[in-house]
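Inside the fold
Take a look at the letters that make up each chain.
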Amino acid sequence: MLSQIKGIHHITSMAKDADENNRFFTHTLGLRRVKKTVNFDAPDVYHLYYADRTGTPGTVMTYFPFPGIARGRPGTGEVGTTVFSVLQGSLDYWQDRLTQNNVAGLKKEERFGENRLLFEGPDGDGFALAEVESDGRAPWTEDGVPEDKAIRGFHSASLRLRDGGPTEELLKFMGYEEAGQSGNIRRLTVPNGNGANVIDIETLPSANPARQGAGSVHHIAFAVENRQRQLEVQRALAENGMQVTPVIDRDYFYAIYFRTPGGVLFEVATNEPGFDRDEPVEHLGEALKLPTQHEHLRPYLETHLAPIGD
Ligand code: ZN
C-alpha cells in the first residue's frame, strides 16, 4: 500500500462558456482565479484554475471551457459530486447566497453525520458544500464571502460507479482507508492528507454510463509532494497492472494519468512547482499565461479566446 498520496490535488471539469464559468467560481463561490492559461493539449481552449490564495493542492477546481459544447449526461464512470468544505453554521448563508445568484439544484441533506447543501454549476455540474467542525485551511475572502463562511478547499469527491469494488481496491492500494458505509455509499479517507482527504464511492449497478460534456468532471488528480514521490507511485501503479502515462510537465505541476477500472480518469500531480512559478502571488490569474511550446500562438489566442471578467 502506498503512502505518498495526500488527498485530492485538483479536479478538472468542462464548461460551455468561459465568462459564465469564471463569474460563477469567483463572484458566486468566492474562489480566487489563480491561473488563466490554455489547455496544453488543445491551446485554443482556456484552462482556468480557481482555488485559495496561492492555489494550494486540495483547493484547486479547474475548467476547460469548450465554446458551445453540449451538456454532459450524468451517469456512472465519473465524479458525480465535487464537495467543498465550509465551517459549521455556514449552510444558511450559502443557501441565501446561491438563491440570490439563481443557482439551481439547491437541496440540504445529511451524509455520514455532516450537513451538506447540494447545488449545480452553470452547466448542471454536481456540487455540494459540506459543513465540518474545523478546517485549518485559510480561505480566500477577497471576492466577497466572509472569512467564517468561505470555502476552505475540497472536502471530498463522490465517484459514481456501476461496480465500486475494483475502484475501492485501487484507492486502498493508493493509501485510502475505509471510513464508513451508508446505503450504497462507501467512504474512504487518506491518513495525513492535505484536508481534501475523502473519496466517496456510490455504487449504482443499474445506472447508465455518463456521457461527458459541459458540466462533467474530466478527471480527478491526487496530490504527491514531489517528483520523486510521483515516480514511486507511477512504478507501483504500473506493477499493479495500471496503464500509466509517462510524466507530463504541466508547468505548475507534473502529471501522470491512468484510467481506473470503474471508468474514472485519475491523475497524480505534484505539489511542486506551484502556480507562482511564472507570476507573483499578488497577481495570480490576471494575465494570460502560455506554456513555452504555445507562446508563438499568443497573438492568435489573445484575439481568438473570448474575453472573461476579472
Ligand atoms: Zn489535471
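Residues numbered from 1 in each chain as written. Predicted model: local features only at pLDDT ≥ 70, side-chain atom pairs only at ≥ 80, totals over all residues. Heavy atoms only, no water.

Overview of the sheet that holds strand E13 (residues 217–224)
Here eight strands make up an open sheet; going across it, the order is E2-E3-E4-E1-E13-E16-E15-E14 and the pairing mixed. Among the strands making up the open sheet, the edge pair consists of strand E2 (32–39) and strand E14 (248–249). As defined by bridge partners, E2 adjoins strand E3 (residues 42–51) across seven bridges and the pair is classed as antiparallel. Considered in E3, the bridge of Asn39 is made with Ala42. (Pairing = 2+ DSSP bridges. Helix = DSSP H or I, 4+ residues; strand = E, 2+ residues; numbered from the N terminus.)

Structural notes on the coordination of the zinc ion
Here the zinc ion is held by the protein donor atoms His10 (NE2), His219 (NE2) and Glu267 (OE), which lie 2.0 Å from it. Mapped onto the polypeptide sequence, the residues donating to the zinc ion form the spacing pattern H-x208-H-x47-E. Separated by 209 residues along the polypeptide, His10 in strand E1 (residues 8–15) and His219 in strand E13 bring together distant segments of the chain. (Donors = N, O, S within 2.8 Å, 3.2 Å for Na, K, Ca; no water.)

Notes on unusual backbone geometry
Cis geometry is found at the peptide bond from Glu272 to Pro273, where omega equals -5 degrees. Following the sequence through the fold, Pro273 ends up in strand E16 (residues 265–273). One non-glycine residue with positive phi stands out, namely Asp251, at about 70 degrees. Among the structural elements, Asp251 can be located in the loop between E14 and strand E15 (253–259).

Considering the side chain of His219
Take His219: its relative accessible area is 4%, and that puts it in the buried class. Here the side chain of His219 touches His218 through a polar contact of 2.8 Å, side chain to side chain. Apart from the residues lying within four places of it in its own chain, the contact partners of His219 are His10, Ile11, Thr12, Tyr257, Leu265 and Glu267. (Buried < 20%, exposed > 50% of the residue type's maximum accessible area, 1.4 Å probe, protein only. Polar contact = N/O pair within 3.5 Å; in protein donor to acceptor, adjacent residues only side chain to side chain. Contact = heavy atoms within 4.5 Å.)

Remarks on the pairing of strand E5 (residues 78–87)
Burial of E5 is extensive: ten of the ten residues sit out of reach of the surface. Both E5 and strand E9 (residues 153–161) contribute to a ladder of seven bridges, which runs antiparallel. Considered in E9, the bridge of Val79 is made with Leu159. Across six bridges, E5 lies against strand E8 (residues 126–132) in parallel orientation.

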